[in-house]
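Per-entry structural report
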Amino acid sequence: MKHNPVETIRRKRDGEQLSSAELAEFIGGVVRGEVADYQASAFLMAVFFRGMTAAETGELTRQMLLSGAQLDWPKTGRPVVDKHSSGGVGDKVSLILAPMLACCGLRVPMISGRGLGATGGTLDKLEAIPGFRANLTPDEFRSTVDRVGCVIAGATADLVPADRKLYALRDVTATVPSIPLITGSIMSKKLAEGLDALVLDVKWGSGAFMKQLDGARQLARSLVDVGRDLGLKTIALVTDMNQPLGRTAGHAVEVDESVAALEGDWSDDLREVTLALGVELLVATGRETTPDAARARLEQSISSGTALAKFREMVAAQGGNLDAPRPKAPAVPIVAPRSGYISAIDCELLGRAIAALGGGRQRVEDKLDLSVGLEMRVRLGQRVAQGQPLLNLLAHDRGREAAGTLVEQAFTIGDDPLALPKLIVDRIT
């Protein structure tokens with residue numbers, strides 16, 4: 001029986017549950033161009049308002065996965081893993097964790113994305129390294145994983161074409177914040193990588209996609225459930241994004257911080273999140289039997305220098321020169337207008353400040369200034385004096401005044417000490 005796309009849209013609009021056959025036919029029609037963009041947009045809006053059952057979300061993900069090629073790795077005794085973050089300000093964990101995992105005997109085919117709006121993209125950060133190529137052919141992608149053990153690159157055209165079409169429509173129809181649609185988008189791409197295990201960093205707070213903790217927990221549960229139902233061992237950590245992760249936010253400046261972390265010089269919060277995610281993958285794949293042993297193995301990759309050497313090897317394999325100078329704009333301090341305690345930091349405003357300097361996109365085709373960014377000088381709960389630097393704004397003339405205003409608005413200074421939020425809030429399996 002052939003399902004009319006109009007009837008599929010109507011049934012979802014009215015809150016009815018769609019069958020596997022309906023979803024298969026609709027998603028297939030989107031990829032083949034038989035379902036018009038306006039019909040796909042109507043479907044997305046119906047899902048946005050009506051939601052989906054767990055069974056529908058799983059089937060949507062499966063059909064998106066089946067829309068394109070899937071990676072298949074030879075069984076070598078080196079499990080294939082990945083990590084995905086829901087995004088935040090200053091989140092450079094992927095740059096540090098991928099080489100650490102490769103040093104621990106895992107293969108890491110990390111397909112990453114670019115930033116849009118207030119959230120920075122991993123590929124944009126890496127392209128601050130002169131010569132680095134994020135767009136690899138399928139053969140280059142696979143050979144780099146086989147030879148080096150890790151790669152961080154963009155999705156090839158043959159992987160999950162359904163997501164590429166649907167995400168472009170979600171972005172321009174205000175239907176991005178939908179848990180079923182987010183789940184389908186993330187998990188279809190991760191399942192296509194042919195993984196043995198996946199760890200998810202689902203962030204909540206002012207700099208996260210999910211502003212409320214309950215929403216982040218719901219998203220984490222949806223992602224883990226779909227992974228489990230489709231045969232992928234999936235673990236999610238819910239982590240705090242009410243202040244930037246680490247000491248910097250931007251592009252080149254985050255590469256600099258990542259290199260420093262691989263040399264053993266990293267902030268407590270960046271270290272805690274990175275190690276916690278890595279521990280999950282080492283235990284899930286049986287590379288280590290206990291979290292303590294896994295943590296020790298990851299830390300040894302830093303102290304021995306092997307993780308930094310592996311990152312350097314990956315960068316070189318993708319055409320980059322880690323020793324070449326990276327661009328960095330002049331630093332302009334933004335100071336506290338009064339004495340007191342840092343009681344809130346609006347990370348979204350900090351992300352918008354970077355965008356105002358040219359470090360973020362309003363449109364996909366925008367060219368970024370990779371030299372701009374922020375260097376944090378204070379943390380939540382810290383006591384500050386009037387005139388004390390809150391952060392350094394790395395800026396040229398473009399957008400400096402607007403960015404400075406956004407940064408000033410981002411900090412709330414109160415009279416009383418603050419109970420600090422927990423960094424790793426929950427673990428969902």
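On a predicted model such as this, the values are computed, not experimentally measured, just so you know. (Residues numbered from 1 in each chain as written. Predicted model: local features only at pLDDT ≥ 70, side-chain atom pairs only at ≥ 80, totals over all residues. Heavy atoms only, no water.)

On to the overall build of the protein chain, then. Along the protein chain, the regular secondary structure elements total 16 helices and 13 strands. The C-alpha atoms of the protein chain give 22 Å as radius of gyration, which agrees with the globular expectation for 429 residues (22 Å, within 12%). When each of the 429 residues of the protein chain is scored for burial, the buried share is 57%. Considering only contacts in the protein chain between residues 6 or more positions apart, those separated by 24 or more positions represent 78%. Working note: accessible area of the protein chain is about 17,200 Å², and carbon and sulfur atoms make up 51% of it. Across the protein chain, the mean location of the 50 positive side-chain charges is 2 Å away from that of the 53 negative side-chain charges. (Helix = DSSP H or I, 4+ residues; strand = E, 2+ residues; numbered from the N terminus. Rg over C-alpha atoms; globule rule 2.2 N^0.38 Å. Buried < 20%, exposed > 50% of the residue type's maximum accessible area, 1.4 Å probe, protein only. Contact = heavy atoms within 4.5 Å. Areas by Shrake-Rupley, 256 points an atom, 1.4 Å probe, with all protein chains shown as cover. Lys, Arg positive; Asp, Glu negative; His and termini not counted. Charge placed at Lys NZ, Arg CZ, Asp CG, Glu CD.)

Strand order across the open sheet formed by four strands is β6-β9-β11-β7, with antiparallel pairing between neighbours. The sheet terminates laterally at β6 (248–250) and β7 (331–335), the two strands that pair on one side only. In this sheet, neighbouring strand axes are inclined to one another by 20 degrees on average, regardless of whether the strands run parallel or antiparallel. Pairing of β7 with strand β11 (residues 389–394) involves five bridges; the strand directions are antiparallel. Looking across to β11, one finds that Val335 is bridged to Pro389. Packed onto the sheet, helix α11 (residues 252–262) meets β6, β9 (373–376) and β11 and runs at close to 140 degrees relative to β6. (Pairing = 2+ DSSP bridges. Axes fitted to C-alpha atoms, helices over the stretch in contact; angles between N-to-C directions.)

What follows covers empty space enclosed by the protein. Enumeration over the complete set of coordinates arrives at two cavities of 30 Å³ or more. Roughly 40 Å³ of volume is contained in the second largest cavity. At the level of secondary structure, the elements contributing two or more residues to the lining of the second largest cavity comprise α8 (161–172) and α9 (179–192). Split by residue class, the lining of the second largest cavity holds five nonpolar, one polar and two charged. (1 Å grid on protein atoms, 1.4 Å probe; cavity = no way out; pocket = protein on both sides within 12 Å on 5 of 7 lines; lining within 4 Å. Points joined across faces, edges and corners; volume = space filled by probe spheres on them. Nonpolar A, V, L, I, M, F, W, Y, C, P; charged D, E, K, R; others polar.)

Because side chains alternate across strand β3 (residues 150–153), one face comprises the buried residues Cys150 and Ile152, and the other comprises Val151 and Ala153, equally buried. The pairing of strand β2 (residues 108–111) with β3 spans four bridges and is classified as parallel. By the bridge assignment, Val108 is partnered in β3 with Cys150.

On to helix α7 (residues 138–148), then. Among the residues making up α7, those that are buried are Phe141, Thr144, Val145 and Val148. Buried residues of α7 fall within an arc of 100 degrees about the axis and therefore sit on the same side. In α7, the exposed residues that point more than 90 degrees away from the buried face are Asp139 and Arg147. Elements that come into contact with the buried residues of α7 comprise α5 (93–103), β2, β3 and α14 (306–317). Trailing α7 by a residue or two, Gly149 shows a phi angle of about 105 degrees, which is positive. (Arc of directions from axis to C-beta.)

On to the packing of helix α3 (residues 37–50) against α8. Two numbers describe how α3 lies on α8: the axes approach to 10 Å, and their chain directions differ by 70 degrees. Regarding the angle of α3 to α8, the classification is roughly perpendicular. Residues Asp37, Ala40, Ser41 and Leu44 of α3 form the contact with α8, whose own contacting residues are Leu166, Leu169 and Arg170. Looking at the contact of α3 with α8, its residues break down into four nonpolar, one polar and two charged. (Parallel < 35°, antiparallel > 145°, perpendicular 65-115°, else oblique.)

Another point: the packing of α9 against helix α10 (residues 213–229). Two elements in contact, α9 and α10, have axes separated by 10 Å at closest approach and are oriented at 45 degrees. Considered as vectors, α9 and α10 are oriented oblique to each other. As for the relative orientation of α9 and α10, their crossing is right-handed in sense. Taking contact as the criterion, the partners of Ile179, Ile182, Thr183, Ile186 and Met187 in α9 are, on α10, Gly215, Gln218, Leu219, Ser222, Leu223, Val226 and Gly227. Across the contact of α9 with α10, the residue classes tally to seven nonpolar, five polar and no charged. (Left-handed = near helix turned anticlockwise from the far one by under 90°.)

Moving on to helix α16 (residues 400–410). Those residues of α16 not exposed but buried are Ala403, Gly404, Leu406, Val407 and Ala410. Buried residues along α16 cover an arc of 160 degrees about the axis, so they all sit on one side. In this structure, α16 carries Glu401 and Glu408 as exposed residues pointing more than 90 degrees from its buried face. Close packing links the buried residues of α16 with β7, β8 (340–345), α15 (347–359), β9, β11 and β12 (411–414).

For the rest of this paragraph, the subject is the side chain of Ser188. Residue placement: Ser188 occurs in helix α9. A distance of 2.7 Å separates a polar atom in the side chain of Ser188 from the backbone oxygen of Gly184. (Polar contact = N/O pair within 3.5 Å; in protein donor to acceptor, adjacent residues only side chain to side chain.)

So, on to the pattern of salt bridges. Side-chain pairs of opposite charge can arise where the charged atoms are in close proximity. For the structure shown, the criterion picks out 34 salt bridges. Here Arg400 makes a salt bridge to Asp397, at a shortest N to O gap of 3.5 Å. Looking at Arg400, the relative accessible area reads 31%, which means it is partly exposed. In the salt-bridge network here, residues are joined through shared partners; they are Glu7, Arg10, Arg11, Arg13, Asp14, Glu16 and Glu22. (Salt bridge = Lys/Arg side-chain N within 4 Å of Asp/Glu carboxyl O.)

This next bit is on the side chain of Asp240. Turning to its location among the elements, Asp240 is positioned in strand β5 (residues 233–240). Polar side-chain contacts of Asp240 include one of 2.6 Å to the side chain of Asn242. Excluding anything up to four places from it in sequence, Asp240 contacts Trp204, Pro421, Lys422 and Leu423.

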